[in-house]
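The lines below spell out each chain.
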Amino acid sequence: MKTVLLLVHDDAGQEARLQAALDLTRALNGHLRCVDVTPVADFAGDVDGAAQAMLLAEERKTEAANRIAVETRLAHEQTPWDWIDATGDVTRCLMREAGLADLIVVNCKRDRLLQVEPRGVVSNIATQARCPVLAVPDNLRGVDVTGPVVIAWDGSPPVMATLRAGVPLLKLAASVELITVGEQDGAPAEAAASYLSRHDIHATVRRIAAGGDKPDAQILEACAAAGAGYCLMGAYGHGRLREELFGGVTRRLLDAAQLPLLLGR
(Lines give C-alpha, C1' and ligand atoms only; values in the text may rest on other atoms or scores of the structure.)
Protein backbone atom coordinates (compact mmCIF):
# COMPACT_ATOMS: atom_id res chain seq x y z
CA MET A 1 0.00 0.00 0.00
CA LYS A 2 2.13 2.84 -1.34
CA THR A 3 0.11 5.00 -3.74
CA VAL A 4 -2.53 7.24 -2.16
CA LEU A 5 -4.95 8.86 -4.61
CA LEU A 6 -6.35 12.19 -3.43
CA LEU A 7 -9.29 14.11 -4.84
CA VAL A 8 -8.29 17.77 -5.03
CA HIS A 9 -10.98 20.41 -5.47
CA ASP A 10 -11.71 23.75 -3.83
CA ASP A 11 -14.67 22.71 -1.68
CA ALA A 12 -15.56 22.46 2.01
CA GLY A 13 -14.16 18.93 2.29
CA GLN A 14 -10.74 19.55 0.76
CA GLU A 15 -8.84 20.27 3.98
CA ALA A 16 -10.10 17.06 5.59
CA ARG A 17 -9.09 15.05 2.53
CA LEU A 18 -5.67 16.67 2.29
CA GLN A 19 -4.74 16.24 5.95
CA ALA A 20 -5.86 12.61 5.97
CA ALA A 21 -4.01 11.82 2.74
CA LEU A 22 -0.80 13.37 4.04
CA ASP A 23 -1.00 11.38 7.28
CA LEU A 24 -1.58 8.16 5.35
CA THR A 25 1.22 8.79 2.85
CA ARG A 26 3.73 9.56 5.59
CA ALA A 27 2.74 6.56 7.69
CA LEU A 28 2.98 4.21 4.70
CA ASN A 29 6.18 5.82 3.39
CA GLY A 30 4.26 6.16 0.16
CA HIS A 31 3.50 8.50 -2.72
CA LEU A 32 0.64 10.99 -2.95
CA ARG A 33 -1.09 11.32 -6.34
CA CYS A 34 -3.26 14.45 -6.50
CA VAL A 35 -6.11 14.48 -9.01
CA ASP A 36 -7.41 18.04 -9.34
CA VAL A 37 -10.89 17.80 -10.85
CA THR A 38 -12.79 20.63 -12.48
CA PRO A 39 -16.32 19.19 -12.51
CA VAL A 40 -18.67 19.70 -15.42
CA ALA A 41 -22.33 19.96 -14.49
CA ASP A 42 -25.15 18.44 -16.51
CA PHE A 43 -27.60 21.28 -16.93
CA ALA A 44 -31.29 20.74 -17.49
CA GLY A 45 -33.53 23.25 -19.20
CA ASP A 46 -32.57 26.23 -21.30
CA VAL A 47 -28.94 26.76 -20.32
CA ASP A 48 -27.15 27.54 -23.56
CA GLY A 49 -23.63 26.58 -24.52
CA ALA A 50 -22.22 30.06 -23.94
CA ALA A 51 -23.48 30.07 -20.35
CA GLN A 52 -22.05 26.61 -19.73
CA ALA A 53 -18.72 27.68 -21.18
CA MET A 54 -18.68 30.71 -18.88
CA LEU A 55 -19.37 28.57 -15.82
CA LEU A 56 -16.66 26.11 -16.82
CA ALA A 57 -14.19 28.95 -17.31
CA GLU A 58 -14.94 30.20 -13.79
CA GLU A 59 -14.46 26.70 -12.38
CA ARG A 60 -11.12 26.40 -14.13
CA LYS A 61 -10.00 29.77 -12.82
CA THR A 62 -10.92 28.72 -9.28
CA GLU A 63 -9.08 25.43 -9.62
CA ALA A 64 -5.99 27.10 -11.07
CA ALA A 65 -5.77 29.26 -7.95
CA ASN A 66 -6.46 26.25 -5.77
CA ARG A 67 -3.63 24.33 -7.44
CA ILE A 68 -1.15 27.10 -6.63
CA ALA A 69 -2.26 27.10 -2.99
CA VAL A 70 -2.15 23.32 -2.56
CA GLU A 71 1.16 22.89 -4.39
CA THR A 72 2.70 25.61 -2.21
CA ARG A 73 1.67 23.60 0.86
CA LEU A 74 2.87 20.31 -0.57
CA ALA A 75 6.28 21.81 -1.31
CA HIS A 76 6.80 22.11 2.45
CA GLU A 77 5.59 18.59 3.27
CA GLN A 78 8.05 15.73 3.50
CA THR A 79 5.98 13.66 1.11
CA PRO A 80 6.58 12.74 -2.55
CA TRP A 81 3.69 13.72 -4.76
CA ASP A 82 2.61 14.36 -8.31
CA TRP A 83 -0.30 16.19 -9.89
CA ILE A 84 -2.94 15.43 -12.52
CA ASP A 85 -5.41 17.99 -13.88
CA ALA A 86 -8.76 16.59 -15.01
CA THR A 87 -12.05 18.01 -16.24
CA GLY A 88 -15.37 16.18 -16.24
CA ASP A 89 -17.41 13.93 -14.00
CA VAL A 90 -15.66 13.62 -10.63
CA THR A 91 -16.12 9.86 -10.30
CA ARG A 92 -14.93 9.14 -13.84
CA CYS A 93 -11.88 11.38 -13.41
CA LEU A 94 -10.88 9.57 -10.24
CA MET A 95 -11.57 6.12 -11.62
CA ARG A 96 -9.28 6.79 -14.60
CA GLU A 97 -6.41 7.07 -12.13
CA ALA A 98 -7.56 4.44 -9.62
CA GLY A 99 -6.26 1.36 -11.44
CA LEU A 100 -2.74 1.78 -10.01
CA ALA A 101 -3.76 3.26 -6.65
CA ASP A 102 -3.69 1.42 -3.33
CA LEU A 103 -6.00 3.78 -1.46
CA ILE A 104 -8.38 6.60 -2.44
CA VAL A 105 -9.24 9.51 -0.14
CA VAL A 106 -12.65 11.19 -0.47
CA ASN A 107 -15.28 12.54 1.96
CA CYS A 108 -18.08 10.81 3.85
CA LYS A 109 -20.83 12.92 2.33
CA ARG A 110 -22.87 10.73 0.00
CA ASP A 111 -23.72 11.72 -3.54
CA ARG A 112 -27.04 13.34 -4.27
CA LEU A 113 -29.07 13.00 -7.44
CA LEU A 114 -28.19 15.54 -10.17
CA GLN A 115 -25.63 17.27 -7.95
CA VAL A 116 -22.05 17.87 -9.05
CA GLU A 117 -20.44 17.84 -5.62
CA PRO A 118 -16.86 16.65 -5.10
CA ARG A 119 -17.71 15.66 -1.53
CA GLY A 120 -20.47 13.42 -2.83
CA VAL A 121 -18.64 10.74 -4.79
CA VAL A 122 -18.00 8.20 -2.04
CA SER A 123 -20.80 5.78 -2.96
CA ASN A 124 -19.76 5.66 -6.60
CA ILE A 125 -16.07 5.27 -5.80
CA ALA A 126 -16.58 2.65 -3.10
CA THR A 127 -18.64 0.46 -5.42
CA GLN A 128 -16.36 0.82 -8.45
CA ALA A 129 -12.80 0.96 -7.10
CA ARG A 130 -10.66 -2.16 -6.76
CA CYS A 131 -8.85 -0.71 -3.76
CA PRO A 132 -10.04 0.58 -0.36
CA VAL A 133 -11.51 4.05 0.02
CA LEU A 134 -10.93 6.23 3.06
CA ALA A 135 -13.99 8.42 3.59
CA VAL A 136 -13.34 11.32 5.98
CA PRO A 137 -15.84 13.69 7.62
CA ASP A 138 -15.55 17.32 6.51
CA ASN A 139 -14.60 18.51 9.99
CA LEU A 140 -11.76 16.00 10.45
CA ARG A 141 -8.18 17.22 10.53
CA GLY A 142 -5.88 14.26 10.10
CA VAL A 143 -6.20 10.54 10.74
CA ASP A 144 -4.50 8.59 13.53
CA VAL A 145 -3.19 5.46 11.85
CA THR A 146 -1.24 4.38 14.94
CA GLY A 147 -4.17 4.43 17.34
CA PRO A 148 -6.80 1.75 17.97
CA VAL A 149 -8.79 0.45 15.01
CA VAL A 150 -12.27 -1.07 15.01
CA ILE A 151 -13.30 -3.51 12.29
CA ALA A 152 -17.05 -3.77 11.80
CA TRP A 153 -17.18 -7.46 10.93
CA ASP A 154 -20.20 -9.05 9.26
CA GLY A 155 -18.44 -11.91 7.49
CA SER A 156 -19.35 -10.61 4.03
CA PRO A 157 -17.11 -10.64 0.93
CA PRO A 158 -16.77 -6.81 0.99
CA VAL A 159 -15.38 -6.71 4.53
CA MET A 160 -13.06 -9.64 3.83
CA ALA A 161 -11.69 -7.85 0.76
CA THR A 162 -11.22 -4.62 2.70
CA LEU A 163 -9.47 -6.40 5.56
CA ARG A 164 -7.03 -8.12 3.20
CA ALA A 165 -6.22 -4.88 1.39
CA GLY A 166 -5.95 -2.96 4.66
CA VAL A 167 -3.30 -5.19 6.27
CA PRO A 168 -0.46 -2.66 5.73
CA LEU A 169 -2.47 -0.02 7.61
CA LEU A 170 -3.63 -2.43 10.31
CA LYS A 171 0.01 -3.31 11.01
CA LEU A 172 0.51 0.28 12.19
CA ALA A 173 -2.40 0.23 14.68
CA ALA A 174 -1.89 0.14 18.43
CA SER A 175 -4.75 -2.37 18.70
CA VAL A 176 -7.34 -3.97 16.44
CA GLU A 177 -10.80 -4.99 17.60
CA LEU A 178 -13.22 -7.02 15.49
CA ILE A 179 -16.78 -6.31 16.54
CA THR A 180 -19.93 -8.09 15.44
CA VAL A 181 -23.47 -6.88 16.03
CA GLY A 182 -26.22 -9.49 16.36
CA GLU A 183 -26.28 -12.70 14.35
CA GLN A 184 -23.67 -13.03 11.63
CA ASP A 185 -23.54 -14.79 8.29
CA GLY A 186 -20.42 -15.67 6.36
CA ALA A 187 -16.93 -16.00 7.79
CA PRO A 188 -16.77 -15.76 11.62
CA ALA A 189 -14.79 -13.01 13.30
CA GLU A 190 -12.45 -15.63 14.77
CA ALA A 191 -11.40 -16.63 11.25
CA ALA A 192 -10.57 -13.00 10.51
CA ALA A 193 -8.57 -12.75 13.74
CA SER A 194 -6.62 -15.90 12.79
CA TYR A 195 -5.92 -14.46 9.34
CA LEU A 196 -4.61 -11.24 10.87
CA SER A 197 -2.45 -13.14 13.35
CA ARG A 198 -0.53 -14.62 10.43
CA HIS A 199 0.39 -11.04 9.55
CA ASP A 200 1.50 -10.44 13.15
CA ILE A 201 -1.66 -8.43 13.87
CA HIS A 202 -3.22 -9.68 17.09
CA ALA A 203 -6.88 -8.68 17.05
CA THR A 204 -9.51 -9.21 19.71
CA VAL A 205 -13.11 -10.20 19.02
CA ARG A 206 -16.12 -8.65 20.71
CA ARG A 207 -19.74 -9.55 20.12
CA ILE A 208 -22.46 -7.00 20.66
CA ALA A 209 -25.96 -8.32 21.12
CA ALA A 210 -28.60 -6.91 18.79
CA GLY A 211 -30.54 -4.36 20.77
CA GLY A 212 -32.79 -1.38 20.35
CA ASP A 213 -30.19 0.61 18.41
CA LYS A 214 -29.44 -0.10 14.77
CA PRO A 215 -26.09 -1.79 14.02
CA ASP A 216 -24.55 1.42 12.66
CA ALA A 217 -25.26 3.27 15.91
CA GLN A 218 -23.72 0.42 17.91
CA ILE A 219 -20.67 0.38 15.64
CA LEU A 220 -20.13 4.10 16.16
CA GLU A 221 -20.55 3.70 19.92
CA ALA A 222 -17.91 0.96 19.89
CA CYS A 223 -15.55 3.19 17.88
CA ALA A 224 -16.01 6.05 20.33
CA ALA A 225 -15.45 3.77 23.32
CA ALA A 226 -12.24 2.42 21.80
CA GLY A 227 -10.99 5.85 20.75
CA ALA A 228 -10.59 4.43 17.25
CA GLY A 229 -8.56 6.29 14.67
CA TYR A 230 -10.73 4.81 11.94
CA CYS A 231 -13.26 2.05 11.32
CA LEU A 232 -12.69 -0.64 8.68
CA MET A 233 -15.80 -2.09 7.07
CA GLY A 234 -17.25 -3.53 3.90
CA ALA A 235 -19.31 -1.22 1.72
CA TYR A 236 -22.87 -1.94 0.57
CA GLY A 237 -22.85 -5.61 1.53
CA HIS A 238 -26.52 -5.89 0.51
CA GLY A 239 -26.10 -3.92 -2.70
CA ARG A 240 -26.03 -0.16 -3.11
CA LEU A 241 -29.47 0.17 -4.69
CA ARG A 242 -31.15 -1.78 -1.90
CA GLU A 243 -29.38 0.29 0.76
CA GLU A 244 -30.28 3.55 -0.96
CA LEU A 245 -33.93 2.55 -1.25
CA PHE A 246 -34.47 0.92 2.11
CA GLY A 247 -31.64 2.27 4.23
CA GLY A 248 -28.59 0.33 5.32
CA VAL A 249 -25.55 0.27 7.54
CA THR A 250 -23.17 1.78 4.97
CA ARG A 251 -25.53 4.57 4.08
CA ARG A 252 -26.24 5.52 7.70
CA LEU A 253 -22.59 5.31 8.73
CA LEU A 254 -21.55 7.64 5.91
CA ASP A 255 -24.16 10.11 7.10
CA ALA A 256 -23.32 9.92 10.81
CA ALA A 257 -19.62 9.04 11.13
CA GLN A 258 -17.36 11.36 13.09
CA LEU A 259 -14.25 9.32 12.28
CA PRO A 260 -12.75 8.06 9.01
CA LEU A 261 -14.26 4.95 7.43
CA LEU A 262 -12.06 2.57 5.49
CA LEU A 263 -14.43 1.06 2.94
CA GLY A 264 -14.07 -1.58 0.30
CA ARG A 265 -15.86 -4.09 -1.91
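Draft legend 1. Looking closely at the packing of aromatic side chains. Under the counting rule described, the total for this entry stands at 1 aromatic pair. Aromatic side chains Trp81 and Trp83 sit 6.4 Å apart centroid to centroid with 80° between the ring planes, which places their arrangement in the edge-to-face category. Trp81 gets classed as partly exposed once you look at its relative accessible area, which sits at 27%.

Draft legend 2. Seen up close, helix H1 (residues 14–28). With 15 residues, H1 extends 21 Å from end C-alpha to end C-alpha; this agrees with the ideal 21 Å at 1.5 Å per step. Considered for burial, the residues of H1 that qualify are Gln14, Ala16, Arg17, Leu18, Ala20, Ala21, Leu22, Leu24, Thr25 and Leu28. On its buried face, H1 sits against strand S1 (3–8), strand S2 (31–39), helix H2 (49–74), strand S4 (103–107), strand S5 (133–136) and helix H6 (167–170). At the C-terminal side of H1, Asn29 shows a positive phi close to 55°.

Draft legend 3. Region of the structure containing the nonpolar core. Formed by 43 residues in total, the largest nonpolar core has its most connected members in Leu24, Ile151, Leu169, Leu170, Leu178 and Leu196. The biggest single contributor to this core is H1, with 7 residues. Those residues in contact with Leu178, other than ones at most four positions away along the chain, are Ile151, Trp153, Leu163, Ala189, Ala192, Ala193, Ala203, Thr204, Val205 and Arg206. Counting 40 residues, the second-largest nonpolar core is a separate cluster that includes Leu7, Val35, Ala86 and Val106.

Draft legend 4. Representation of the environment of Ala173 within the structure. Within the secondary structure layout, Ala173 lies in the loop between H6 and strand S7 (175–181). On the accessibility criterion, Ala173 (16% relative accessible area) is buried. Those residues in contact with Ala173 that sit more than four places away from it in its chain are Val145, Thr146, Gly147 and Val149.

Draft legend 5. Examining the pattern of salt bridges more closely. Within the structure shown, the criterion is met by 11 salt bridges. Residues Arg17 and Asp11 are paired through a salt bridge, measuring 3.0 Å at the closest nitrogen-oxygen approach. Comparing Arg17 with Asp11, the two get one shared label, buried. Between Arg206 and Glu177 there is a salt bridge, with its nearest N and O atoms 2.8 Å apart. Taken together, the residues Arg206 in strand S8 (residues 204–208) and Glu177 in strand S7 connect sequence positions 29 residues apart. On the basis of relative accessibility, which here comes to 32%, the residue Arg206 falls in the partly exposed class.

Definitions and limits used
Residues numbered from 1 in each chain as written. Predicted model: local features only at pLDDT ≥ 70, side-chain atom pairs only at ≥ 80, totals over all residues. Heavy atoms only, no water. Phe/Tyr/Trp six-rings, centres within 6.5 Å; stacked < 30°, edge-to-face > 60°. Buried < 20%, exposed > 50% of the residue type's maximum accessible area, 1.4 Å probe, protein only. Helix = DSSP H or I, 4+ residues; strand = E, 2+ residues; numbered from the N terminus. Expected span 1.5 Å × (residues − 1). Contact = heavy atoms within 4.5 Å. Core = buried A, V, L, I, M, F, W, Y, C linked by side-chain atoms within 4.5 Å. Salt bridge = Lys/Arg side-chain N within 4 Å of Asp/Glu carboxyl O.

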